[in-house]
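Results of the structural survey
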Protein chains: 2
Amino acid sequence: MPTTQRTELNQLGEFGLIDRIKQPFEQKQHTETRKGIGDDAAVIDYGQDFYTLHSTDLLIEGVHFDLSYMPLKYLGYKAVAVNVSDIAAMNGIPQQILVSIAVSNRFSVEAIDEIYEGIAEACQNYRLDLIGGDTTTSRAGLVLNISIIGKVKKNKITYRSGARENDILCVTGDLGAAYLGLQILEREKQVFLANPHAEPQLEGKDYIVQKQLKPEARTDIVYELDELGIIPTAMIDISDGLASEILHLCKQSNVGAVIFEDKLPIEDISWLTAQELNLPIMTCALNGGEDYELLFSIAQKDFEKVNKIADVSPIGYITSADKKATLRTKSGTVYPLEAQGWKHF
Amino acid sequence: MPTTQRTELNQLGEFGLIDRIKQPFEQKQHTETRKGIGDDAAVIDYGQDFYTLHSTDLLIEGVHFDLSYMPLKYLGYKAVAVNVSDIAAMNGIPQQILVSIAVSNRFSVEAIDEIYEGIAEACQNYRLDLIGGDTTTSRAGLVLNISIIGKVKKNKITYRSGARENDILCVTGDLGAAYLGLQILEREKQVFLANPHAEPQLEGKDYIVQKQLKPEARTDIVYELDELGIIPTAMIDISDGLASEILHLCKQSNVGAVIFEDKLPIEDISWLTAQELNLPIMTCALNGGEDYELLFSIAQKDFEKVNKIADVSPIGYITSADKKATLRTKSGTVYPLEAQGWKHF
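The model shown is predicted, which means the values in this text are computed figures rather than measured ones.

Turning our eyes to something else, we now look at the environment of Tyr-51 of chain B. All names here are of chain B. With respect to the element layout, Tyr-51 can be found in strand E3 (residues 50-60). When the C-alpha positions of Tyr-51 and Lys-151 are compared, they lie 5.7 Å apart, and in sequence the two are 100 residues distant. Those residues in contact with Tyr-51, other than ones at most four positions away along the chain, are Arg-34, Val-43, Ile-44, Asp-45, Gly-150, Lys-151, Val-152, Lys-154, Ile-157 and Tyr-159. Side-chain polar atoms of Tyr-51 contact the side chain of Arg-34, separated by 3.0 Å.

What follows is the structure, given as structure tokens:
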């Protein structure tokens, strides 16, 4: 590879790399292509009353999952759920998936069966048809890529870019649990490596471990919003941590936001576990990642309605862009939100 | 992974594994899903006069490509072309792709630019919009997954299953060149490894090396067939070798076939290279793989018309299923066709 210049990937980071990649592809060749890179899913318009939605996720062993504690069945389930989450974030409903898998001969046929059992369970839960894929060999670890196809009525599609000043910011479920579940699993792995006869200390940790190993996409919220007649003004799924997603939403909507520390939904077990592990709970909640909850903004008129959804918490509101994105603590101190995203490179 | 039974992947092979995987997913949940696993692309019917087509391909460094002789730009181009080929095999036209990529920090930003330059060139040539993807890190080699979306008029869709007795079997382009190109590249790699100062011996091999490194999908033939008013009765792309694809087509159409050794289109440079490398040219042509040409059957009434396409060769005809799939040599001997496919596991 004789290139005169060498720029390291970590100089750009993931989002910098995506910005660089997408530039030459911004000019579209097909009128059907309505939205390309830059939201949770791409959008195609075949001229009917709905759009089709398209997203894809690549999972690599040793980067996204560790088979020493990730059961293969859960891995299959999670791989589907994280894709479903991208469709939900467009206010859409998923319908079909394609699954590419690469395995080495250290995997048996039965091991592959387990992965597909998890995929089948997710297909059942989210009402998906598995319509295609690719199976191949890997020299090293397991590789899974899932592509998903969904639909959304044109008048209900929700982009990242629609948030307006004074809209209310909401999140589903709770924050930080998946990250803390991962820390517990990593701790137990180290204990096990040091002493294979040690009993794993997972008592009482079911919730956070489950959030890490077998997260659910919030299509239930998409249905609830629809029933209540609420169309969010903007929406994004929380995969890289709340702070990072708020910054995406603010950037693309050209707004700012303020969120309140004491409004962030955090489960007791997450507080306790953070304490036990000596981790600042706010960092877990803001930057933990892998929550797969939804972050969305709604017009103030919908505030009463959204309160009827048990599993949604208002956490702040949208401001003008010059106010930036900030966190206000209980004591009234204001901090700028900072994206961690992942910087694996 | 405490499983009581362990069946090795090589006991099943790729096609056995696919058969096993697809069974639990045959019941469809959405009326839009018209065709799932089992053809070159999946088919969705959104109730208009066309179907959408969906396919995906996973490419792994060290399995599908070797960066010691595969330029990154060509890799990007080829990754797109092999997906386009799947859409062409349904008699369809591709429109959009999603690209997932995993790289380690041994790759520079400039190296990734080269991959996307190849992707962009392919998008230009095949008129594709890149609408999404995923970028992530890899602990080991480069991983590329492309998903493609195409369209085909309902009355023109071509499945593997439509071949009928007495139809004529045709192939586009020529056979075996990509495989022989790979053998030459492998030979030169070994020479280079033994003596880094040796000059690579690629003179006169441009065509076969190009077929391996930068194959083209035959959308041109899809357009030509359309212009001539020919709808193939069945079609498949030649990725695993002609013999394997004929067997797929025969199985799914419930027919047999006979092809004639002296009708197989093979370039002079392929003959010469096979001789030079001491490889039986017929094995290269029948089982070489990666030709990315189209194999299709047409009704006899279309025979005169298809002869107008310069780059299409009739190679035999469809028989009843009990005759199986056979090759007839110049001397009149008849051999059963055998699938090699790949058996990497």
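Bringing the packing of helix H1 (residues 9-22) of chain A against helix H3 (residues 109-126) of chain B into the picture now. Across the interface, H1 of chain A lies against H3 of chain B with an axial gap of 11 Å and an inter-helix angle of 20°. Viewed along their axes, H1 of chain A and H3 of chain B adopt a mutual orientation that is roughly parallel. Handedness of the H1 of chain A/H3 of chain B crossing: right-handed. Within the contact between the two elements, H1 of chain A uses Leu-9, Leu-12, Leu-17, Arg-20 and Ile-21 of chain A and H3 of chain B uses Val-109, Ile-112, Asp-113 and Tyr-116 of chain B. Classifying every residue of the contact of H1 of chain A with H3 of chain B gives 7 nonpolar, no polar and 2 charged.

Here the focus is unusual backbone geometry. For Asn-278 of chain A, which is not a glycine, the phi torsion comes out positive at approximately 60°. For Asn-278 of chain A, the position within the fold is in the loop between helix H8 (268-276) and helix H9 (281-287).

Another aspect to go through is the pairing of strand E7 (residues 168-172) of chain A. Residue and element names in this part refer to chain A. In terms of residue burial, E7 counts as a mostly covered element, since 5 of its 5 residues are buried. Pairing analysis gives 4 bridges linking E7 to strand E10 (residues 293-298), with the strands arranged antiparallel. If you follow Leu-169 over to E10, its bridge partner there is Ser-297. The sheet contact formed by E7 and strand E11 (residues 312-320) spans 5 bridges and is antiparallel. Bridge assignment links Val-171 to a residue of E11, and that residue is Ser-313.

In this section: the relation of the copies chain A and chain B. Each copy of the chain is related to the other by a rotation around an axis and a translation along that axis. When chain A is fitted onto chain B, the two copies agree to an RMSD of 0.0 Å after a turn of 180° and an axial shift of 0.0 Å. Accordingly, the operation relating the two chain copies is best matched by a two-fold axis. When the interface residues of chain A are mapped onto chain B, 100% of them are again interface residues, pointing to one common binding face.

Another aspect to go through is the packing of aromatic side chains. Under the defined criterion, the tally for this structure stands at 9 aromatic pairs over all chains. Between Tyr-46 of chain A and Phe-50 of chain B, the ring centres sit 5.4 Å apart and the planes meet at 50°, which makes this aromatic pair tilted. In this pair, Tyr-46 of chain A is assigned in the loop between strand E2 (42-44) and strand E3 (50-60) and Phe-50 of chain B in strand E3, connecting two distinct chains. Members of the aromatic cluster, connected to one another through ring pairs, are Tyr-46 and Phe-50 of chain A together with Tyr-46 and Phe-50 of chain B. The cationic tip of Lys-151 of chain B hangs over the ring face of Phe-50 of chain B; the distance from NZ or CZ to the ring centre is 4.2 Å.

With that settled, consider the domain arrangement of chain A. Residue and element names in this part refer to chain A. Domain annotation for chain A reports domain 1 (31-156) and domain 2 (168-336). Each of domain 1 and domain 2 was reduced to a C-alpha centroid, and the two centroids are 22 Å apart. The partner domain 2 presents 26 residues to the 27 residues of domain 1 that form the contact. Between domain 1 and domain 2 lies a buried interface of about 2,200 Å² when both sides are counted; carbon and sulfur atoms form 55% of it. In this structure, the salt-bridge partner of Glu-121 is Lys-214, at a minimum N-O distance of 2.9 Å. Sorting the residues of the side of domain 1 that touches domain 2 by element identifies helix H2 (72-88), strand E4 (93-103) and helix H3 (109-126) as the ones contributing at least two each. Per-class residue counts for the side of domain 1 that touches domain 2 are 13 nonpolar, 7 polar and 7 charged.

All names here are of chain B. Burial within strand E11 (residues 312-320) is extensive, with 7 of its 9 residues counted as buried. In this structure, strand E9 (residues 255-260) lies alongside E11, joined through 5 bridges in antiparallel fashion. In the strand pairing of E11, Ile-259 is matched with Gly-316.

We now examine the sheet that holds strand E10 (residues 293-298) of chain B. Residues and elements named next belong to chain B. Pairing is mixed across the open sheet formed by 7 strands, whose spatial order is E8-E10-E7-E11-E9-E12-E13. Looking at which strands have only one partner, the edges of the open sheet turn out to be strand E8 (234-238) and strand E13 (334-336). Adjacent strand axes in the sheet meet at a mean angle of 25°, parallel and antiparallel pairs treated alike. With 4 bridges connecting them, E9 and strand E12 (residues 325-328) associate as parallel partners. The residue of E12 that forms the bridge with Val-258 is Thr-326.

Attention now goes to the sheet that holds E7 of chain A. Strand pairs in the sheet, formed through backbone hydrogen bonds, run parallel or antiparallel to each other. All names here are of chain A. Ordered by their spatial adjacency, 7 strands build an open sheet running E8-E10-E7-E11-E9-E12-E13, and the pairing between neighbours is mixed. What marks the edges here is a single partner per strand, and that holds for strand E8 (234-238) and strand E13 (334-336). Ignoring which end each strand starts from, the neighbouring axes of this sheet average 25° apart.

Another aspect to go through is the side chain of Gln-95 of chain B. For Gln-95 of chain B, the position within the fold is in strand E4 (residues 93-103). In terms of polar contacts, Gln-95 of chain B uses its side chain to reach the side chain of His-30 of chain A, at 3.3 Å. Contacts of Gln-95 of chain B, omitting those with residues within four sequence positions, involve His-30, Glu-32 and Tyr-46 of chain A together with Arg-127, Leu-128, Asp-129, Ile-149, Gly-150 and Lys-151 of chain B.

Before going further, it helps to examine empty space enclosed by the protein. For the structure shown, the criterion picks out 1 cavity of 30 Å³ or more. What lines the largest cavity is His-54, Ser-55, Leu-98, Ser-147, Ile-148 and Ile-149 of chain A together with His-54, Ser-55, Leu-98, Ser-147, Ile-148 and Ile-149 of chain B. When contributions to the lining of the largest cavity are tallied by element, the ones reaching two or more residues are E3 and strand E6 (143-153) of chain A together with E3 and strand E6 (143-153) of chain B. For the lining of the largest cavity, a count of residues per class yields 6 nonpolar, 6 polar and no charged.

Each value, and the rule that gives it
Residues numbered from 1 in each chain as written. Chains lettered and ligands numbered in written order. Predicted model: local features only at pLDDT ≥ 70, side-chain atom pairs only at ≥ 80, totals over all residues. Heavy atoms only, no water. Helix = DSSP H or I, 4+ residues; strand = E, 2+ residues; numbered from the N terminus. Contact = heavy atoms within 4.5 Å. Polar contact = N/O pair within 3.5 Å; in protein donor to acceptor, adjacent residues only side chain to side chain. Axes fitted to C-alpha atoms, helices over the stretch in contact; angles between N-to-C directions. Parallel < 35°, antiparallel > 145°, perpendicular 65-115°, else oblique. Left-handed = near helix turned anticlockwise from the far one by under 90°. Nonpolar A, V, L, I, M, F, W, Y, C, P; charged D, E, K, R; others polar. Buried < 20%, exposed > 50% of the residue type's maximum accessible area, 1.4 Å probe, protein only. Pairing = 2+ DSSP bridges. Least-squares fit on C-alpha atoms with pLDDT ≥ 70 in both. Phe/Tyr/Trp six-rings, centres within 6.5 Å; stacked < 30°, edge-to-face > 60°. Lys NZ or Arg CZ within 6 Å of the ring centre and 35° of its normal. Domains from an automatic or database assignment. Buried area = accessible area lost by both parts, 1.4 Å probe. Salt bridge = Lys/Arg side-chain N within 4 Å of Asp/Glu carboxyl O. 1 Å grid on protein atoms, 1.4 Å probe; cavity = no way out; pocket = protein on both sides within 12 Å on 5 of 7 lines; lining within 4 Å. Points joined across faces, edges and corners; volume = space filled by probe spheres on them.

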